[in-house]
Amino acid sequence: MSEQAAHVVEALYGGEPQSQADGAYIIQTRDLTKRYQLGRNNFVDALRGATLDIRRGEMAAIMGPSGSGKSTFMHIAGCLDVADGGEVWLNGRRVDGLSARELVGIRRKEIGFIFQGFNLIPTLTAEENVALAGEYAGMGRGVALNRARELLEMVGLGDRTRHVPSELSGGQQQRVAIARALVNDPGIVMGDEPTGDLDTTTSEEIVGMMRTVNRERGTTFLIVTHNPEVASACDRTVRMRDGVVVDDGDGTPPGP
Ligand SMILES: Nc1ncnc2c1ncn2[C@@H]1O[C@H](COP(=O)(O)OP(=O)(O)OP(=O)(O)O)[C@@H](O)[C@H]1O
Ligand SMILES: [Mg+2]
């Protein structure tokens, strides 16, 4: 964002996101900055004032060149990491500045994550992998296992619930990861290149699965992707460059 545009945003929002009261937005970020210090005089400004609103119920893609700050942005918006400056609002509540412990609680209950490498525990079966996330969020084991089986059924793996990850294809493993992300019924699921390790056909299948979950359950999806096909399946494409959102994909021209 240009400095002039930043001033306009500041004037418009007066430091506080608008319409947070009506619940239209699930996540709002304002002017997020993040600097990685590499040495005494050596640093990277990964975010330089990233501002974005994500509406409840939408499916949005984030694209941008490698190093433009997409993962950093998603990790901060998802309360996995903290910014140096700026604001994060989740469900109309300001969450930057909360303690690490409070952020863990928010992550476990309100946000689901899907990553490129699936990140399943190799020694646990599909249903155990999904159920474990439910147990972390406070479900009893029996409840968590039942819910895991329901979700695996939903993602088309009803006949694979007892398989361990090495007995599943990449696409099937990513479907387990989707089920795991949904176990706590989060309002939003964030994916950092969730189809990055998958071939074209399987990518389409996985993005189609997320689209179905989005339509049927109203779960919001925010997906970082390098794949234009994945982005085109989403409602809008946010573009980042050099640590800022250069196009929020809403058709509103940036600045005056
Ligand atoms: N832990 C870290 N320590 C130091 N620098 C980092 C760290 N994480 C990210 N960076 C730097 O911050 C910048 C933004 O990185 P980020 O991972 O957010 O980019 P990205 O848009 O997700 O890129 P890609 O498309 O390659 O995944 C890059 O220049 C990167 O080298
Ligand atoms: Mg990345």
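It should be noted that the structure appears before, not after, this text.
Conventions adopted
Residues numbered from 1 in each chain as written. Chains lettered and ligands numbered in written order. Predicted model: local features only at pLDDT ≥ 70, side-chain atom pairs only at ≥ 80, totals over all residues. Helix = DSSP H or I, 4+ residues; strand = E, 2+ residues; numbered from the N terminus. Buried ≥ 20, exposed ≤ 12 C-beta atoms within 10 Å, placed from the backbone. Contact = placed C-beta atoms within 7 Å. Near = placed C-beta within 6 Å. Nonpolar A, V, L, I, M, F, W, Y, C, P; charged D, E, K, R; others polar. Expected span 1.5 Å × (residues − 1). Arc of directions from axis to C-beta. Pairing = 2+ DSSP bridges. Axes fitted to C-alpha atoms, helices over the stretch in contact; angles between N-to-C directions. Core = buried A, V, L, I, M, F, W, Y, C linked by C-beta atoms within 7 Å. Parallel < 35°, antiparallel > 145°, perpendicular 65-115°, else oblique. Left-handed = near helix turned anticlockwise from the far one by under 90°.

Draft legend 1. Quick peek at the overall build of the protein chain. If you tally the helices and strands in the protein chain, you get eight helices and ten strands. Taking all 256 residues of the protein chain together, 41% fall into the buried category. Taking all contacts inside the protein chain whose residues are at least 6 apart in sequence as the whole, residues at least 24 apart take part in 70%.

Draft legend 2. Looking closely at the site of ligand 1. Around ligand 1, the neighbouring residues are Tyr-36, Leu-38, Val-44, Ala-46, Gly-64, Ser-66, Gly-67, Ser-68, Gly-69, Lys-70, Ser-71 and Thr-72. Of all elements in the fold, only strand S1 (25-39), strand S2 (42-55) and helix H2 (70-77) reach the threshold of two or more residues within the shell around ligand 1. Ranked by residue count, the leading element in the shell around ligand 1 is H2, at three residues. Residue composition of the shell around ligand 1, grouped by class: four nonpolar, seven polar and one charged.

Draft legend 3. Broad picture of helix H7 (residues 200-217). In a regular helix each residue adds 1.5 Å, so 18 residues correspond to 26 Å; H7 covers 25 Å between its end C-alpha atoms and thus fits that length. Burial in H7 covers these residues: Ser-203, Ile-206, Val-207, Met-210 and Val-213. For H7, the buried positions fall inside an angular range of 110 degrees around the axis, keeping them on one side. Exposed residues on H7 whose side chains face more than 90 degrees from its buried face are Thr-200, Thr-201, Gly-208, Thr-212, Arg-215 and Glu-216.

Draft legend 4. Structural detail: the sheet that holds strand S3 (residues 59-63). In spatial order, the strands read S6-S7-S8-S3-S9-S10; together these six strands make up an open sheet with mixed pairing. Looking at which strands have only one partner, the edges of the open sheet turn out to be strand S6 (111-115) and strand S10 (244-247). Taking the axes of each pair of neighbouring strands and ignoring which way they run, one obtains an average angle of 25 degrees across the sheet. Here S6 pairs with strand S7 (residues 188-192) via five bridges, running parallel. By the bridge assignment for S7, Phe-115 is matched with Asp-192. Relative to the sheet, H2 contacts S3, S7, strand S8 (220-224) and strand S9 (236-241), its axis offset from that of S8 by approximately 150 degrees.

Draft legend 5. A look at the sheet that holds strand S4 (residues 85-90). Spatially, the four strands line up as an open sheet ordered S2-S1-S4-S5, and their pairing is antiparallel. One side of each edge strand has no neighbouring strand; the edge strands of this open sheet are S2 and strand S5 (93-94). Pairing of S1 with S2, which is carried by eleven bridges, proceeds in the antiparallel orientation. Counterpart to Thr-29 in the pairing with S2 is Leu-52.

Draft legend 6. Broad picture of the nonpolar core. Membership of the largest hydrophobic core comes to 65 residues, with the highest contact counts inside it found for Ala-61, Val-130, Ala-179 and Leu-222. The biggest single contributor to this core is helix H6 (residues 170-182), with six residues. Leave out the neighbours within four places in its chain, and Ala-179 touches Val-130, Ala-148, Leu-151, Leu-152 and Val-155.

Draft legend 7. Representation of the environment of Leu-103 in the model. Residue position: Leu-103 is located in helix H3 (residues 100-110). Put simply, Leu-103 and Leu-80 are 23 residues apart on the chain and 7.8 Å apart in space, counted from C-alpha to C-alpha. Excluding residues that lie within four positions of it along the chain, Leu-103 makes contacts with Cys-79 and Leu-98.

Draft legend 8. View of the packing of helix H4 (residues 126-136) against helix H5 (residues 141-154). The geometry of H4 relative to H5 is characterised by a closest axis approach of 8 Å and an angle of 125 degrees between their N-to-C directions. On the basis of their axis angle, the class for H4 and H5 is oblique. In the crossing of H4 with H5, the sense of the turn from one axis to the other is right-handed. In this structure, H4 contributes Ala-126, Glu-127, Val-130, Ala-131, Gly-134 and Glu-135 to the contact, and H5 contributes Arg-141, Ala-144, Leu-145, Arg-147, Ala-148, Arg-149, Leu-151 and Leu-152.

Draft legend 9. Broad picture of the pairing of S1. From the end of S1 to the start of S2, which pair antiparallel, there are two residues. Relative to S4, S1 runs antiparallel, the two sharing five bridges. Across the sheet, Ile-27 pairs through a bridge with Leu-90, a residue of S4.

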